[in-house]
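Chain residues, written in single-letter form:
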Amino acid sequence: MIKMLSGNEAVARGMWEAGVTVASGYPGTPSTEILENYALFPNVYAEWAPNEKVAVDVAIGAAYAGRRGMAVMKHVGLNVAADSFMYASMTGLEAGLVIVTADDPAMHSSQNEQDNRTFAKFGRVPCLEPSDSQEAKDMVGDAFELSERFDTPVLLRLTTRICHSASSVELGERTAPAVEPKPFPRNPAKYVMVPGNAVKRHPVIEQRIRDIAAFAETFPNNRIEPGSRSLGIITCGVAYQYAREVFLKASILRLGMTWPLPEKMIRKFAKSVKRLIVIEELDPFIEEAVYRMGIPVEGKNIFPITGEFDPRVVRESAVRAGLLPASASVPLPDVEVGTLPGRPPVLCPGCPHRPTFYILNKLKVPVNGDIGCYTLGLIPPLSAIHTCGCMGAGIGVAHGAAKAGSPEHHVAVIGDSTFFHSGIPALINVVYNRSPVTTIILDNRITGMTGHQENPGTGRTLLRQETVRVELLPLVRALGIQHVQSVAGYDVKAIEKALREYVKLDEPSVLIVVEPCALLPDVRKRWIPLDVLADKCNGCTLCFRIGCPAILKSEELDEKNQRPKALIDAGLCTGCEVCAEICPREAITFRSVETEGDAS
Amino acid sequence: MKETINFLLCGVGGQGTILASDVLVNVGLAAGYQTKQAEVHGMSQRGGSVTSHVRWGKVVYSPLIGAGEADVLLAFEKLEALRSLKAMSSGALALVNMKVIEPLTVISGEETYPSDEALRQAFAQVTSHVKYINGEEIAGSLGNLKVANVVLLGTLSALLESGGQVGAGLTPEVWLKVITERVPAKHIELNRRAFQAGREAVGN
């Protein structure tokens, strides 16, 4: 059967066909839909772990226990999981272990565009890279076979353009290997990495990567597609598609395994062509390896090292380098549209994070942020995020700044899922080493930015089962925080009162702001748009300062000061009442007023 | 009938561009093309710009369309239409929904939303094959603003036929089959009417 599948859906299908027993991961664009789709197959086990390191340990545990384990994350998740990734390479496994890294060239939704192929080389682990959805599915099975044959973890590297593009896939049968129950291994020489054992393992994994390099020479996903002898292209991943599209005649060496490299195959290919180039997104990873083989090769002198490729990037770069005639260039339409208004993502109408940022903006304190929807608190007019680097960073950064004698009171802002991910150790540090940092946990009862995934605070699992809900208030108290309280997300006055008190303290404090995401299905049912009472509004603009997309400028001007009055877009307003709370003239209706109005 | 057709869809998160591109890619499959589709939607749930690339062809390699290579532009919103103008090839077909969704910077008065005149002038410099319709108005007359995307698909289907981009085998029934497979049972009739109303809007 043939189906159109996104790369992520295809990987999920591949996991099912390959009989993955335990799959664990943490949501992160562009990888999130892999586990979401895998969880829909019958009789599978998949989970959201609190973070990527835990996910990799879980997958390793399954593989130690003799069952296929898989961990799934975005590229920066592998930074979090690097420690586990590295020891898994040292120990090897009893059954297949595959780790999916979804890299994000062009940073569509990431803080960097690191090229995780380097992790494969760093960890002496093979790396597979599909070029479309069919390969994304098939390479899951290939990766497990490779893992089991060579006793190694395997990195399956995807990129945004593989994850989020759809192409047709021929579905296969479930070919899960029959696994007999067997006792957990008692093999400390292999599985206990004390120095005395580790020194013996290191030569083993160095030999293993040499063996895999020999295997790569005949790996069917490394293939030469012969063409003209004048130009040879080595390429991988989605860049292969652009190479095929743009260079109609060139010879192509498509690498499905980008670490370790098949040196003999590359030498043979290089000899068969006059000019050799590498077309790869991001780092000159293959190019440098080929160069080290002593083979003349070009790559990043022609194609960009930053961002994502597309046919145009490849074609125009090739024209500039003289690889294609000038006539191959595709002209852009000759039209000037001027500077258009941007449309950056913003906090949604009714977002429960908005009041907190409105108050933080008022207090003018430095805010050390974190990764999630609430990072959008940086956008004017809220403008209340001043640093954001990675998940879990904000609390540590605030503590460090406070310890360095930063004259202002630092506030760290973190989401519920992010707090579980890596915020807890940082908050323990604030308590243990005593800094007057105020930590705000924005608890919207879901993992928001990646599209509503369950987390340890929601009481439900990825498989939609009820579970224990980790409660934040007792958890924070148990860490030793004396000043902690929970307030409702739309209660502007309570948030302001608590924060004004906390920023004066010289002890650690935590404010937990609880309000479910306005986009959750149950919350959507309660949306009631508010209205502006035009006779009361005098165009004071205060409600514009909360940056709500549902509040527009009316064509009607206030007679006295000639400023536009406010107008609420009923199609966008959720009725959160934040604007009504801050309006000094009571010119915005509350929901209760609306109901009374309807009744009369 | 063209060998390869590159469709570029653009709009704002929440406008139904993703359903529309899903329909388009599957209509292509049903019509016997090889197809690929790519979503570019970093954080679209938060009201950002969304684009989707759909390619039909005998053989399709790249999932992305390079700038200057879109044969068909389906724009769900006026500002996004202008933003995608340079992605079109000269003389391409454009279907522009005359919907305005103001970004925050326009609401706050820092930036100005382009005028209809500027929009029409800019498009006229790139192609004479532009159709402007008001999908929301048509959808509203059917009683549900949400089917504006299916109205647009209806118009697009008729424009592709009259422009000769597709063969006679690609009948309205092929489109309707793909659409009705993707909407809840209770909305099938509404979506049929929306598609038909979109087709009829070509003559307006």
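Preceding block: the structure.
Comments concerning the overall build of chain B
- On a plain count of helices and strands, chain B comes out with eight helices and six strands.
- Walking chain B from its N terminus toward its C terminus, one meets helices and strands in the order β-α-β-β-β-α-β-α-α-β-α-α-α-α.
- By the compact-globule yardstick of 17 Å for 204 residues, chain B fits well, its C-alpha radius of gyration being 16 Å.
- With respect to the three principal axes, the spread of C-alpha positions in chain B is 50 × 40 × 35 Å.
- Looking at the 204 residues of chain B, the share that counts as buried comes to 55%.

Concerning the interface of chain B and chain A
- Tallying the contact residues gives 42 residues for chain B and 39 residues for chain A.
- Class assignment for the residues of the side of chain B that touches chain A results in 21 nonpolar, 14 polar and seven charged.
- Direction of pairing for strand β8 (residues 165-170) of chain A relative to strand β2 (residues 34-40) of chain B: antiparallel, over a ladder of three bridges. Opposite Ser165 of chain A, over in β2 of chain B, you have Ala38 of chain B as the bridge partner.

Some details on the sheet that holds strand β14 (residues 367-368) of chain A
Residue and element names in this part refer to chain A.
- An order of β14-β15-β16-β18-β17 is seen for the five strands of this open sheet, with the pairing classed as parallel. At either margin of the open sheet sits one strand with a lone partner, and together these are β14 and β17 (483-488).
- Where β17 meets strand β18 (residues 509-514), six bridges bridge the pair, whose relative direction is parallel. Directly across from Val484, in β18, lies its bridge partner Val510.
- Helix α16 (residues 393-403) contacts β14, β15 (411-415) and β16 (438-443) of the sheet and is inclined by roughly 170° relative to β15.

A look at the nonpolar core
Residues and elements named next belong to chain A.
- Ranked by internal contacts, the top residues of the largest apolar core, which has 158 residues, are Ala59 and Val100.
- Looking at which element gives the most residues to this core, the answer is helix α3 (residues 52-64), with nine residues.
- Apart from residues no more than four positions distant in its own chain, Val100 is found in contact with Val11, Ser31, Ile34, Met70, Val72, Met73, Leu156 and Leu158.
- By size, the runner-up hydrophobic cluster in this structure holds 78 residues, among which are Ile385, Val476, Leu511 and Leu519.

Some thoughts on the environment of Gly11 of chain B
- As for its position among the elements, Gly11 of chain B is in strand β1 (residues 4-12).
- With 68 residues separating them along the chain, Gly11 of chain B and Leu79 of chain B place their C-alpha atoms 8.5 Å apart.

Some points on the packing of helix α6 (residues 148-162) of chain B against helix α7 (residues 172-180) of chain B
All names here are of chain B.
- Here α6 crosses α7 at 155°, and the two axes come no closer than 10 Å. Comparing the axis directions of α6 and α7 gives the class roughly antiparallel. Considering how the two elements wind past one another, α6 and α7 form a crossing that is right-handed. Counted together, Val150, Leu153 and Ser157 of α6 and Pro172, Trp175 and Ile179 of α7 form the full contact between these two elements.
- For the contact of α6 with α7, the residue count by class is five nonpolar, one polar and no charged.

Some details on the sheet that holds β8 of chain A
- Taken in spatial order, the eight strands line up as β1(A)-β8(A)-β2(B)-β3(B)-β1(B)-β4(B)-β5(B)-β6(B) in an open sheet, and their pairing is mixed. With partners counted over all chains shown, the strands left at the sheet margins are β1 (2-6) of chain A together with β6 (130-133) of chain B, one partner each. Neighbour-to-neighbour, the strand axes of this sheet turn through a mean angle of 20°, independent of strand direction.
- Contacts from helix α7 (residues 133-150) of chain A reach β1 and β8 of chain A within the one sheet, and its direction differs from that of β8 of chain A by about 60°.

Procedures and definitions
- Residues numbered from 1 in each chain as written.
- Chains lettered and ligands numbered in written order.
- Predicted model: local features only at pLDDT ≥ 70, side-chain atom pairs only at ≥ 80, totals over all residues.
- Helix = DSSP H or I, 4+ residues; strand = E, 2+ residues; numbered from the N terminus.
- Rg over C-alpha atoms; globule rule 2.2 N^0.38 Å.
- Buried ≥ 20, exposed ≤ 12 C-beta atoms within 10 Å, placed from the backbone.
- Contact = placed C-beta atoms within 7 Å.
- Nonpolar A, V, L, I, M, F, W, Y, C, P; charged D, E, K, R; others polar.
- Pairing = 2+ DSSP bridges.
- Axes fitted to C-alpha atoms, helices over the stretch in contact; angles between N-to-C directions.
- Core = buried A, V, L, I, M, F, W, Y, C linked by C-beta atoms within 7 Å.
- Parallel < 35°, antiparallel > 145°, perpendicular 65-115°, else oblique.
- Left-handed = near helix turned anticlockwise from the far one by under 90°.

By themselves, these figures tell us nothing about what the structure is for.
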